[in-house]
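# Residue-level structure breakdown
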Amino acid sequence: MSRTALAVPFFLGDAKTRACPRIAGGWRGFSRVRAMVAALLWLGAMPAWADAPAAPAHEASGAGQPVHPSPASTPDLSALTAQLAAATSRAAAADLEARLERARRHALSPTTRLLQRGAMAHLVDGKALGAVEDLDDALVLQPDVAILWRDRAQARLAARDLTGAIADLGVALQRDGQDAVAWRLLSAVEEQRGDWQAAEQAWQRVMALDPMVDGGRANGERLHLKAFGRPT
């Protein structure tokens, strides 16, 4: 990941950045998703992405009710978070970071995963606004999944929409305050906004959750110097 720091004014008492869970694009995304899924079903393409390596998604059953992952298959975020905080090597931390990412995406439906992949492809191609639109649609489908708000914050940051990124991170961290990646992204956004104290405070949260994060201490010292003008 590029040099990033995370500070979310929403969590640091900056009222002007308070986030309200809002689905950008209204019902436009829902119509677009329905059309896309219908096309995929017609072309017989659904199985290709439905087999993504993930736990059972929120699919509609024959009775029109969502099918949720069984409790036994749901990853234990609390246990993984505790293990990450106690990790004593970078290799162990990297493994736990990857496991936490998979766990946080566990509840995504196949349709949402497809939209998420589209957003990633747009970001790789430098089309940040296209990524934001894909994630707007994903949030129409599953607004309760915290990591989607973090994903859209990243896309908004790439689109230079710092206010939108802060708002999305506010929602993401309200729903999942133990997400070290979201705090890291928040620190990065605050750094770009020039709020060094907020960036440094967010980075402290990163270090509390993931003490072995790559470049953690050095970045913390850099942010502290920018924020307070003296070494730690």
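Residues numbered from 1 in each chain as written. Predicted model: local features only at pLDDT ≥ 70, side-chain atom pairs only at ≥ 80, totals over all residues. Heavy atoms only, no water.

### Quick word on the packing of helix H8 (residues 162–175) against helix H9 (residues 180–193)
Here H8 crosses H9 at 155°, and the two axes come no closer than 10 Å. By the angle between their directions, the pair H8 and H9 is classed as roughly antiparallel. Like other packed secondary-structure pairs, H8 and H9 cross with a definite hand, here left-handed. For the pair H8 and H9, the contacting residues are Leu162, Ala165, Ile166, Leu169 and Leu173 in the first and Ala182, Trp183, Leu185, Leu186, Val189, Glu190, Gln192 and Arg193 in the second. Its residues assigned to classes, the contact of H8 with H9 shows 10 nonpolar, 1 polar and 2 charged. (Axes fitted to C-alpha atoms, helices over the stretch in contact; angles between N-to-C directions. Helix = DSSP H or I, 4+ residues; strand = E, 2+ residues; numbered from the N terminus. Parallel < 35°, antiparallel > 145°, perpendicular 65-115°, else oblique. Left-handed = near helix turned anticlockwise from the far one by under 90°. Contact = heavy atoms within 4.5 Å. Nonpolar A, V, L, I, M, F, W, Y, C, P; charged D, E, K, R; others polar.)

### As for unusual backbone geometry
Residue Arg160 is not a glycine yet carries a positive backbone phi of 70°. Position of Arg160 among the secondary structure elements: in the loop between helix H7 (146–158) and H8.

### What to know about helix H3 (residues 77–85)
For H3, the set of buried residues is Leu80, Thr81 and Leu84. Looking straight down H3, one finds its buried side chains confined to an arc of 100°; they lie on one side. Check the buried side of H3 and you find it contacts helix H4 (90–104) and helix H10 (196–209). In this structure Asp76 caps H3, since a side-chain oxygen of it lies 3.2 Å from the backbone nitrogen of Ser78. (Buried < 20%, exposed > 50% of the residue type's maximum accessible area, 1.4 Å probe, protein only. Arc of directions from axis to C-beta. Polar contact = N/O pair within 3.5 Å; in protein donor to acceptor, adjacent residues only side chain to side chain.)

### A few points about the confidence of the model for the protein
Predicted confidence across the protein gives a mean pLDDT of 78, with 67% of residues reaching 70 or more. This model gives residues 1–31 a pLDDT under 50, and the stretch forms 101 contacts once residues within four places in sequence are excluded. Ignoring residues within four places in sequence, the model shows residues 37–72, a span with pLDDT below 50, making 37 contacts including any to other chains. (pLDDT = per-residue confidence, 0-100.)

### With respect to the packing of aromatic side chains
Going through the model one piece at a time under the given rule, you end up with 0 aromatic pairs. In this arrangement the basic side chain of Lys226 is found over the ring face of Trp196, its NZ or CZ atom lying 5.2 Å from the centre. (Phe/Tyr/Trp six-rings, centres within 6.5 Å; stacked < 30°, edge-to-face > 60°. Lys NZ or Arg CZ within 6 Å of the ring centre and 35° of its normal.)

### Observations regarding the side chain of Gln142
Assignment of secondary structure puts Gln142 in the loop between helix H6 (128–141) and H7. A polar contact of 3.0 Å, which involves the side chain of Gln142, links it to the backbone oxygen of Ala107.

### So, the nonpolar core
With 20 residues, the main nonpolar core has Leu157, Leu169, Trp183, Leu186 and Val189 as its most contacted residues. For this core, the elements supplying multiple residues, two or more each, are H7, H8, H9 and H10. Leu108, Leu115, Val171 and Ala172 belong to the second-largest nonpolar core, a separate cluster that totals 10 residues. (Core = buried A, V, L, I, M, F, W, Y, C linked by side-chain atoms within 4.5 Å.)

### Some details on H10
Compared with an ideal rise of 1.5 Å per residue, which puts 14 residues at 20 Å, H10 spans 20 Å between its outermost C-alpha atoms and is within 8% of the ideal. Residues of H10 that are buried: Ala198, Ala199, Glu200, Ala202, Trp203, Val206 and Leu209. Buried residues in H10 make contact with H3, H9 and helix H11 (216–228). (Expected span 1.5 Å × (residues − 1).)

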